[in-house]
Amino acid sequence: FIPLISVLFLTLLLLFLALFPGAFNCCMKISDEIPKGILRRVERFEIQKADGRCHLEAVILHMSGKKFCVNPWNRKVNKMMKKMKHKIHRSKSHVRKQRRTRITKQKEQKQ
């Protein structure tokens, strides 16, 4: 009798996971306040939309294996996101410029 219940429970759990794949990845509640120390250590962030899978808008901050769900309208969080996007954009263009310069110098040396 017990193995039958276990199999039924496992089947229902697998069915739920198949129908709602993001159900366990959604933020269920958000924080309005976030300490500056946490904002300084954020490695990346995601924006959670209030769509069919998740019913709450949030910004998910990822840092060293942990995640924090915060209010997307928080001014500190928005400022941090803009800085991170700007830093990523600048670093990519800087690398591209260095590479172009190096290739040009190599061509000049060959001639």
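Residues numbered from 1 in each chain as written. Predicted model: local features only at pLDDT ≥ 70, side-chain atom pairs only at ≥ 80, totals over all residues. Heavy atoms only, no water.

Right, let's talk about the side chain of Asn-74 for a bit. Looking at the element boundaries, Asn-74 is found in the loop between β3 (66-70) and α3 (75-110). Asn-74 gets classed as buried once you look at its relative accessible area, which sits at 11%. Setting aside anything within four residues of it in sequence, one finds Asn-74 in contact with Asp-32, Glu-33 and Ile-34. (Helix = DSSP H or I, 4+ residues; strand = E, 2+ residues; numbered from the N terminus. Buried < 20%, exposed > 50% of the residue type's maximum accessible area, 1.4 Å probe, protein only. Contact = heavy atoms within 4.5 Å.)

What follows deals with the layout of surface pockets. Here the second largest pocket is characterised by a volume of approximately 220 Å³. Surrounding the second largest pocket, 13 residues form its lining, Asn-25, Glu-46, Gln-48, Arg-53 and Cys-54 being those nearest its centre. For the lining of the second largest pocket, the secondary structure elements donating two or more residues are β1 (44-48) and β2 (58-63). Broken down by element, the lining of the second largest pocket gets its largest block of residues, three residues, from β1. In terms of residue class, the lining of the second largest pocket is built from four nonpolar, four polar and five charged. (1 Å grid on protein atoms, 1.4 Å probe; cavity = no way out; pocket = protein on both sides within 12 Å on 5 of 7 lines; lining within 4 Å. Points joined across faces, edges and corners; volume = space filled by probe spheres on them. Nonpolar A, V, L, I, M, F, W, Y, C, P; charged D, E, K, R; others polar.)

Mapped onto the elements, Met-84 comes out in helix α3. Assessed through its relative accessible area of 16%, Met-84 is described here as buried. Each C-alpha atom of the pair Met-84 and Phe-45 lies 9.1 Å from the other, and the pair is 39 residues apart in sequence. Discounting residues that sit within four places of it in the chain, Met-84 has contacts with Val-42, Glu-43, Arg-44 and Phe-45.

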